[in-house]
Amino acid sequence: MKITLINPSLMRQDELRWDKGGTYPPLGLCYIAAVLRNNKHEVNIIDGEALRITGEKLKERLLKDRPQVIGITSHTPKFNQLLDTIKTIKELNLQAAIVVGGPHISLIPEKTMKQIPQIAYAVIGEGEYTFLELVNSIENKQPIEKVNGIAYRQGDKIILTSPRDYIKNLDELPLPARDLLPNIAGECYSNAFRYKQLPMTSVITSRGCPYACIFCARIFGARYRMHSFDKVMEEIRHLVKNYGIKEIIFVDDTFIVDIERTIKICNALKEQKLGLTWSCHGRIDILYKHPELIPLMKNSGCWYISLGIESGNAEVLKKIRKNITLEQVDSVVNQLNSAGIHTKGFFMIGHPYDTKESIRDTIDFAKSLPLGSVQFSYTIPYPGTELFDIAINHGFFEGDSYEKMSSHTAGFPVYSPPGVPIEYLKAIQKKAYREFYFRPSFLLKHLVKINSFQSLKKYSERGFVYFKSLFLKK
Ligand code: SF4
């Protein structure tokens with residue numbers, strides 16, 4: 001069958017002028033495309049996010065592809081863009097079946113299909129084999145209800161089939177079909193924040209998470225599944241050989257859960273002299289228990305680690321089940337800093353248990369650490385999370401304002417705990433950034449790093465995105 005997969009633009013048409021931030025290749029769609037293609041389907045990907053494709057441009061692409069099935073990925077912060085995309089498709093009268101997958105519909109399939117009647121099928125959870133079986137069933141006119149992991153319509157009803165098991169062996173998946181994207185080594189995938197060298201790209205080496213933070217939906221389950229060391233290295237060598245990649249961002253929720261594999265990857269990156277620099281998302285408790293990883297990571301090219309710290313208040317940390325302590329954070333961030341690895345700390349303000357005082361603790365704690373950069377996000381109770389259920393009954397919550405649930409730096413607070421008004425959250429977020437970044441010691445430390453045109457360009461891009469996120473959003 002002819003299938004087009006769409007990653008909707010991050011911005012709506014009227015917002016595109018502000019969109020200067022970087023983006024990563026939509027690897028989820030690339031994995032699905034690779035599986036479909038291996039099974040003789042003809043697949044295209046439209047990365048609306050990278051190419052800023054909306055409206056008329058999207059129509060042109062679809063008229064060229066003329067797909068029989070259109071798959072769209074759904075993320076809560078891009079809910080309005082999903083609506084726009086489906087409206088555009090419908091205006092074309094293509095007679096294509098619309099299938100929606102991704103985190104948003106996976107967490108609330110019935111509600112989403114009720115809200116958007118044009119969606120014929122939902123693919124729930126991991127999409128590769130579900131999508132394949134679904135299009136095979138459509139093509140061969142076989143009973144849809146036998147496909148596990150979907151939702152479909154029967155008259156006015158929405159029927160969910162049996163859940164699909166998670167893929168046990170991720171190595172059986174083909175390499176993601178990055179060749180269906182615009183040049184992955186090109187400008188549209190250059191993230192202003194995360195590279196030492198270009199070209200850069202992202203790799204995902206694991207799915208699932210064994211932790212249980214209350215604000216996280218863990219759509220790939222609680223069991224950590226990972227590509228083997230050999231498969232990870234095969235993909236890295238493929239990227240170096242075929243795209244000349246020099247910088248890798250491991251976009252796993254947590255890259256370093258398996259210590260043995262992390263050590264092997266670090267050693268191989270160093271020994272094979274691929275000339276790569278890389279970054280990842282780490283976990284405080286793992287690095288605290290295994291500080292031996294830090295020099296290994298550094299010596300293999302790791303220069304940047306982002307860390308979910310979330311709060312500077314011990315009680316709040318416990319209640320959100322982050323499973324880390326302030327002492328661990330302090331120790332790990334200092335060790336990473338001493339090793340010369342840039343650390344980015346992710347904090348959330350407005351947890352259900354936050355007070356004005358505990359938010360102050362968070363800002364002060366962030367400032368006490370030698371972090372290279374920070375993100376102070378509003379707490380967003382995404383559908384399908386434990387936090388969502390708590391927020392409904394505790395504080396102020398605009399539960400249906402999906403378009404406001406942007407995880408980006410600015411976003412809009414959709415939730416505030418009792419005693420912390422929305423307006424206070426907006427003001428304190430700006431204050432937090434100002435206090436963190438405009439310290440003379442911080443500015444001086446970073447100004448001395450501007451020693452080339454490349455670094456000046458990078459810092460300027462960062463500055464623009466930061467300035468935009470704080471001051472230009474409506
Ligand atoms: S926030 Fe990160 S560590 Fe916590 S449950 Fe989600 S993926 Fe796991």
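Right above here is the structure, for reference.
Nothing here was measured: the structure is a model prediction, and the numbers come from that model.

Asker: Pulling in residues and values, what's your account of the overall build of the chain?
Answerer: Regarding its fold elements, the chain presents 18 helices and 17 strands. In terms of overall dimensions, the chain is globule-like: its C-alpha atoms have a radius of gyration of 22 Å, near the 23 Å expected for 474 residues. Projected onto the principal axes, the alpha-carbon positions of the chain cover approximately 65 × 55 × 40 Å. Relative to its full complement of 474 residues, the chain shows a buried share of 55%. For the chain, restricting intrachain contacts to residue pairs at least 6 apart in sequence, the fraction spanning at least 24 positions comes to 74%. Carbon and sulfur atoms make up 53% of the accessible area of the chain, which totals about 20,300 Å². Positive and negative side-chain charges of the chain, numbering 63 and 50 respectively, have mean locations separated by a distance of 4 Å.

Asker: Quick rundown of the packing of helix 3 (residues 55-65) against helix 4 (residues 79-91)? Include the residues and the values.
Answerer: The geometry of helix 3 relative to helix 4 is characterised by a closest axis approach of 10 Å and an angle of 55 degrees between their N-to-C directions. Relative to helix 4, the element helix 3 is oriented oblique. Handedness of the helix 3/helix 4 crossing: right-handed. Seen from helix 3, the contacting residues are Gly-55, Leu-58, Lys-59 and Leu-62; seen from helix 4, they are Thr-85, Thr-88, Ile-89 and Glu-91. Of the residues belonging to the contact of helix 3 with helix 4, the class tally is 3 nonpolar, 3 polar and 2 charged.

Asker: Lay out the site of the ligand with the relevant residues and their values.
Answerer: Contacts to the ligand come from Cys-209, Tyr-211, Cys-213, Phe-215, Cys-216, Arg-218, Asp-253 and Arg-283. Looking at the shell around the ligand, its residues break down into 5 nonpolar, no polar and 3 charged.

Asker: Any details on the sheet that holds strand 5 (residues 121-123)? Residues and values, ideally.
Answerer: Working definition: the strands of a sheet are paired by backbone hydrogen bonds and lie parallel or antiparallel to each other. With mixed pairing, the 7 strands of this open sheet are ordered in space as 2-1-3-4-5-6-7. In this open sheet, the two strands that pair with only one neighbour each are strand 2 (42-47) and strand 7 (157-160). With direction set aside, neighbouring strand axes in the sheet form an average angle of 20 degrees. Where strand 1 (residues 2-7) meets strand 2, 6 bridges bridge the pair, whose relative direction is parallel. By the bridge assignment, Ile-6 is partnered in strand 2 with Ile-46. Running over the sheet, helix 3 touches strand 1, strand 2 and strand 3 (69-73) and is turned about 175 degrees from strand 2. Along the sheet face, helix 7 (residues 128-139) touches strand 1, strand 3, strand 4 (97-101), strand 5 and strand 6 (150-154) and points at about 155 degrees away from the line of strand 5.

Asker: Quick one: what's the story with a nonpolar patch on the surface, residue by residue and with numbers?
Answerer: Nonpolar side chains collect at one region of the surface, where Phe-438, Leu-443 and Leu-447 lie side by side and expose about 310 Å² of accessible area between them. Here Leu-447 lies in helix 17 (residues 440-447). In this structure Leu-447 comes out as exposed when scored by relative accessible area, which is 55%.

Asker: Give a detailed account of the environment of Asn-148, specifying residues and quantitative values.
Answerer: Tracing the sequence through the fold places Asn-148 in the loop between helix 7 and strand 6. Separated by 14 residues in the primary sequence, Asn-148 and Leu-134 have C-alpha atoms spaced 8.9 Å apart. Those residues in contact with Asn-148 that sit more than four places away from it in its chain are Thr-130, Glu-133, Thr-161, Ser-162, Pro-163 and Arg-164.

Asker: Please provide a residue-by-residue account of the packing of aromatic side chains, values included.
Answerer: The final tally for this structure, using the stated rule, is 12 aromatic pairs. A ring pair is formed by Phe-376 and Tyr-433, whose centres lie 5.4 Å apart and whose planes are at 75 degrees; its orientation type is edge-to-face. Note that Phe-376 is positioned in strand 15 (residues 373-378) and Tyr-433 in helix 16 (residues 422-437), a separation of 57 residues in sequence. For Phe-376, a relative accessible area of 0% puts it in the buried group. In this structure an aromatic cluster arises from ring pairing among Phe-347, Phe-376, Tyr-433, Phe-436, Tyr-437 and Phe-442. For Arg-283, the ring lying beneath its charged end belongs to Tyr-211, and the centroid distance is 3.5 Å. The residue whose ring lies beneath Arg-439 is Phe-436, and the NZ or CZ to ring-centre distance is 4.4 Å.

Asker: Give a description of the sheet that holds strand 15 that names residues and reports values.
Answerer: Taken in spatial order, the 6 strands of this open sheet run 8-11-12-13-14-15, and their pairing is parallel. A strand with exactly one partner marks an edge of an open sheet, and here the two such strands are strand 8 (200-203) and strand 15. Each strand axis lies, on average, 20 degrees off the axis of its neighbour in the sheet, ignoring direction. In the packing of helix 8 (residues 229-243) onto the sheet, the strands contacted are strand 8 and strand 11 (247-250), and the crossing angle to strand 11 comes to about 145 degrees. Against the sheet, helix 14 (residues 356-368) makes contact with strand 13 (302-310), strand 14 (342-349) and strand 15, and its axis sits at roughly 175 degrees relative to strand 14, the strand it touches most.

Asker: Describe in detail the pattern of salt bridges, supporting the description with residues and values.
Answerer: By the definition in use, this model includes 20 salt bridges. Between Glu-133 and Arg-164 there is a salt bridge, with its nearest N and O atoms 3.0 Å apart. Separated by 31 residues along the polypeptide, Glu-133 in helix 7 and Arg-164 in the loop between strand 7 and strand 8 bring together distant segments of the chain. What makes Glu-133 partly exposed here is its relative accessible area of 33%.

Asker: Talk me through empty space enclosed by the protein; I want residue IDs and the actual numbers.
Answerer: Considering all chains together, one arrives at 1 cavity of 30 Å³ or more under this definition. Lining the largest cavity, in full, are Tyr-31, Leu-170, Leu-173, Ile-204, Thr-205, Ser-206, Arg-207 and His-227. Classifying every residue of the lining of the largest cavity gives 4 nonpolar, 3 polar and 1 charged.

Procedures and definitions
- Residues numbered from 1 in each chain as written.
- Predicted model: local features only at pLDDT ≥ 70, side-chain atom pairs only at ≥ 80, totals over all residues.
- Heavy atoms only, no water.
- Helix = DSSP H or I, 4+ residues; strand = E, 2+ residues; numbered from the N terminus.
- Rg over C-alpha atoms; globule rule 2.2 N^0.38 Å.
- Buried < 20%, exposed > 50% of the residue type's maximum accessible area, 1.4 Å probe, protein only.
- Contact = heavy atoms within 4.5 Å.
- Areas by Shrake-Rupley, 256 points an atom, 1.4 Å probe, with all protein chains shown as cover.
- Lys, Arg positive; Asp, Glu negative; His and termini not counted.
- Charge placed at Lys NZ, Arg CZ, Asp CG, Glu CD.
- Axes fitted to C-alpha atoms, helices over the stretch in contact; angles between N-to-C directions.
- Parallel < 35°, antiparallel > 145°, perpendicular 65-115°, else oblique.
- Left-handed = near helix turned anticlockwise from the far one by under 90°.
- Nonpolar A, V, L, I, M, F, W, Y, C, P; charged D, E, K, R; others polar.
- Near = heavy atom within 4 Å.
- Pairing = 2+ DSSP bridges.
- Patch = residues over 30% accessible without salt bridge, like charges linked within 9 Å, V, L, I, M, F, W, Y side chains within 5 Å.
- Salt bridge = Lys/Arg side-chain N within 4 Å of Asp/Glu carboxyl O.
- Phe/Tyr/Trp six-rings, centres within 6.5 Å; stacked < 30°, edge-to-face > 60°.
- Lys NZ or Arg CZ within 6 Å of the ring centre and 35° of its normal.
- 1 Å grid on protein atoms, 1.4 Å probe; cavity = no way out; pocket = protein on both sides within 12 Å on 5 of 7 lines; lining within 4 Å.
- Points joined across faces, edges and corners; volume = space filled by probe spheres on them.

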